[in-house]
Every structure is written in C-alpha cells, then in structure tokens.
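Fold and contact review
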Amino acid sequence: MELSFVYAVCRKGSEPFLKAEMAQRHGDRFVPAFMRPQLVTWKASAPLPGDFCPGFSFARNWGFSLGLVPELGAIGKRWSERMGDAGGGPARWDVYPRQVPDEGVASEVWADLMQMRDQLPVVGDNPWIGEVIAGAPDEPMLLGARPLAGLGPVSLGGIARVTLPPDSPSRAWLKVEQALAWAGWDQEAFWLGKTALELGSAPGGISLALVRRGLQVEAIDPAPMHPSVLVETGPGGAKVHHRQQPIGSLNRESWVRPVDLLVSDMNLAPPAVIRYLERLQPCVRAPRWIVTLKLNDAMMVSRLPDFRERLGRTAPAPLRVVQLAANRQEVTVIAG
Ligand SMILES: C[S@@+](CC[C@H](N)C(=O)[O-])C[C@H]1O[C@@H](n2cnc3c(N)ncnc32)[C@H](O)[C@@H]1O
C-alpha cells in the first residue's frame, strides 16, 4: 500500500484557502496535483503514513487519493492495486457528490449516488472507508480511502441531508444541523432532555433546531429573538429561554451551570470569541461544542493555526475545524 496523494473537498471558492493551508502547514512536501470546483488533490514528495493528518480547517472531508477512475467497473481493481488485497474491500463505501450547494444536495442526486453505491464491489474487513466522489456524469470519479478510525465526518463526505425549514428565522439553522450530522450527533433522541447554552442566538435559527431536538436552550444575545422561537415547545417540553444581554455583561456565578452543548455563533472576531469560551468552559464544563469562527479578513485566516492551538487547550477533545456547506466567511469548530 502506497499513499502518496491527498484530496480534500470544500466549499465553492475555498479551494485557494485549502491550498494555502497545505503550503502553510507542510511547506513544499505537497504539490497541488489536480483541482476541480470543491476538490483539490496534492502529491506528496514521499509516501505518507496511514495516520497522516493534514490539519485542514477549510475542508469538509479529506482522504488519500487513489486516482481518477472512468467508470464504476474499474473501482474494485484500482482499490486492490493501491490498497492491497488484505481484508478485501473497504469496510464501507461512501459515495457522494463533488459539488455541494450551500443549502445541501437534492434528494434525486442522492438517489442516483445510492444506486451507484449498490454497484460497487463487496465490502470487507479493511480498516479503511472507500470514497467515491462523483462529478458530472461524463467526468471520471475520484477514488479515495480514509481510515475508519480517523476523525473524519460521520455523514457521507461530511454532507448533511437536511433542508432549511421555511419557518426558520435564519440560515444558521443549516449550520448547526450540518455540524450535528458531520459529527454524528444527529440521531433522533440524542439530545432529548439535554441542555444547551448558545452565545449569539438572535434571531434564532440555531435555537430552533436545538429546541426541536429536545434541548433546553439558554440563549444569550443583546438582539431580539424571533417571537416564534420563544414560543416553540420541543420534545420533552424543551423551551428556549432568552437573556437579552451581551455575554460579557452577565454575572456568570449567578446563572451558569453545566450544560451538555455549548454553541457560539457570535459575530465577533475569533480572539474575542475564544476569550469568552475560555472563561465560560470551566463553569459550564460542556462535553460538546459547536462554535463558528468568523474569518472576515486575510489576517484572521492566517491566524487559524493559533486559534486551533488555543482552542485545543480549552475545548473538549477531539477538536475538529471544518468548513461546512452553509459556512460562508467562517469555519465551524466541532469539539468533543
Ligand atoms: C450570526 S448572528 C447569530 C445568528 C443566530 N445564531 C441564529 O441562529 O439565528 C450573530 C449574533 O451575535 C450576537 N452577538 C455579538 N456580540 C455578542 C455578545 N458579546 N454576546 C452575545 N451575543 C453577541 C449579535 O447580536 C448577533 O445577533
């Protein structure tokens, strides 16, 4: 088995950020090899260990590229040539589209891809996930492998199968639902009877998603919440309680208790967000975090490795930074 190529999938327009991240983190060890919208591959100067981690923040998913294949029938042979025959096929096949719109992938597209998956060779007991990234119908597919035990997404290709409900007061609903799916925290009843603290909650798309999953939400924002969110009752009687104040003006001792999920979606620069999280986490001891970091300028993008390092000292482990389909000039930290 020789792993010498890496691929990553990302939001449309984030390809240059991915390339810059690879160069910043790994210097000239990697040379960009092939690029299509939302897909970048690199060749490594020497074979990579199976536990290599590029440390991307702008990818939705990444893996080791086994090259382009013209048709489904060629996949089995390519897999055994590149991965060896031990264990047979991969533990499972993840088949997903290369191009993902912000609001998600249409159900007809998924139906075609699931049909493709049914035609793939049988799975084995290999400790790898086989990935097939499909572009336009006449375009070769990219065949990839990522470790089954790695820290990658639980959802196929890191893509959530959700659509924004018409009654959500903001698009932020999509961001949190996509993050939950990415992490595999989206099963029904996963959050029933649990508690969440959300910083930067107005007008309330995220709070709405959380309360509908059965979380009691303490929502903090000086701006008003949409009234419909405050009257929503979720499973188990879950409600959203809004404190209409900035987080800095609240006296933590008087109200902060342990919570199951800490969410932050404040439109503040990452250093300010991180300072608030550092102060809060010792009190709320949240085992899971979903935090958006707004990257409004090149300076903030270049400081991402520092932000990751700092968050790693406070956030629950493991820490992943991803850019989800619904994230615009921002990335999502998924921790715990
Ligand atoms: C992107 S919006 C949040 C969207 C929201 N999460 C939703 O689901 O609809 C950013 C919010 O951060 C809030 N914000 C900014 N600074 C804050 C602070 N110091 N404390 C609490 N909220 C803050 C703003 O008032 C704004 O409503």
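In this text, all values refer to a predicted model and were calculated from it rather than measured experimentally.

**Quick word on the domain arrangement of the protein chain**
By a widespread convention, an interface's size corresponds to the accessible area lost as its parts come together. Each domain of the protein chain was delimited in the assignment, giving domain 1 (5-158) and domain 2 (172-335). The centre of domain 1, based on its C-alpha atoms, is set 29 Å off from the matching centre of domain 2. In this assembly, 18 residues from domain 1 lie in contact with 18 residues from domain 2. When its residues are assigned to classes, the side of domain 1 that touches domain 2 shows 9 nonpolar, 5 polar and 4 charged.

**What to know about the environment of Phe34**
Mapped onto the elements, Phe34 comes out in strand 2 (residues 30-36). As for Phe34 and Tyr7, which are separated by 27 residues in sequence, their C-alpha atoms are 8.9 Å apart.

**Re the site of the ligand**
Around the ligand lies a shell of 21 residues, among which Ser170, Ala172, Gly200, Ile206 and Asp265 are the nearest. A class-by-class count of the residues in the shell around the ligand yields 12 nonpolar, 7 polar and 2 charged.

**Description of helix 4 (residues 172-183)**
In this model, helix 4 (12 residues) spans 17 Å end to end at C-alpha, consistent with the 16 Å of a helix rising 1.5 Å per residue. Burial analysis of helix 4 places 12 of its 12 residues in the buried class, the great majority of the element. If you check which residues of helix 4 are buried, you get Ala172, Trp173, Leu174, Lys175, Val176, Glu177, Gln178, Ala179, Leu180, Ala181, Trp182 and Ala183. At its buried positions, helix 4 is contacted by helix 5 (205-212), strand 11 (261-264), strand 12 (289-294), strand 13 (319-322) and strand 14 (330-335). After helix 4 finishes, the residue Gly184 shows a positive phi value of roughly 75°.

**Regarding the nonpolar core**
In this structure, Ala8, Leu18, Ala59, Val176 and Val333 are the most contacted members of the largest nonpolar core, which totals 94 residues. Among the elements that take part in this core, helix 4 stands out by supplying 9 residues, more than any other. For this core, the domains that each give at least three residues are domain 1 (5-158) and domain 2 (172-335). Among all residues touching Val176, those that are not within four sequence positions of it are Ile206, Ala209, Leu210, Val263 and Ile290.

**A few points about the environment of Pro49**
Position of Pro49 among the secondary structure elements: in the loop between strand 3 (39-44) and strand 4 (59-69). The spatial distance from the C-alpha of Pro49 to the C-alpha of Glu2 is 8.8 Å, given a sequence separation of 47 residues.

**Side note on the packing of helix 8 (residues 270-284) against helix 10 (residues 304-314)**
In contact at an axis separation of 10 Å, helix 8 and helix 10 are set at 10° when each is read in the N-to-C sense. As the angle between them shows, helix 8 and helix 10 are arranged roughly parallel. Each of Pro270, Ile274, Leu277, Glu278 and Gln281 in helix 8 lies in contact with helix 10, whose residues at this interface are Phe307, Arg310, Leu311 and Thr314.

**Description of the sheet that holds strand 7 (residues 141-147)**
Spatially, 7 strands are ordered 2-3-1-4-7-6-5 in an open sheet, and the strand pairing comes out mixed. Each of the sheet's edge strands pairs with one partner strand only, and the pair in question is strand 2 and strand 5 (92-97). Across this sheet, the average inter-strand angle for adjacent strands is 35°, counted without regard to direction. Here helix 2 (residues 75-83) sits on the sheet and contacts strand 4, strand 6 (128-134) and strand 7; the angle it forms with strand 4, its principal contact strand, is near 100°.

**Quick look at the pairing of strand 5**
Along strand 5, 5 of the 6 residues are buried, which leaves the element largely enclosed by surrounding structure. The pairing of strand 5 with strand 6 spans 6 bridges and is classified as parallel. Its bridge partner lying in strand 6, Trp93 is registered against Gly130.

**Notes on the environment of Gly157**
Inspection of the secondary structure puts Gly157 in the loop between strand 7 and helix 4. C-beta crowding within 10 Å serves as the criterion here: with 23 such atoms nearby, Gly157 is assigned to the buried category. Taking the C-alpha atoms as reference points, Gly157 and Gln38, 119 residues apart in sequence, are found 12 Å from one another. Excluding residues that lie within four positions of it along the chain, Gly157 makes contacts with Val9, Arg60, Asn61, Asp94 and Tyr96.

Conventions we followed
- Residues numbered from 1 in each chain as written.
- Predicted model: local features only at pLDDT ≥ 70, side-chain atom pairs only at ≥ 80, totals over all residues.
- Domains from an automatic or database assignment.
- Contact = placed C-beta atoms within 7 Å.
- Nonpolar A, V, L, I, M, F, W, Y, C, P; charged D, E, K, R; others polar.
- Helix = DSSP H or I, 4+ residues; strand = E, 2+ residues; numbered from the N terminus.
- Near = placed C-beta within 6 Å.
- Expected span 1.5 Å × (residues − 1).
- Buried ≥ 20, exposed ≤ 12 C-beta atoms within 10 Å, placed from the backbone.
- Core = buried A, V, L, I, M, F, W, Y, C linked by C-beta atoms within 7 Å.
- Axes fitted to C-alpha atoms, helices over the stretch in contact; angles between N-to-C directions.
- Parallel < 35°, antiparallel > 145°, perpendicular 65-115°, else oblique.
- Pairing = 2+ DSSP bridges.

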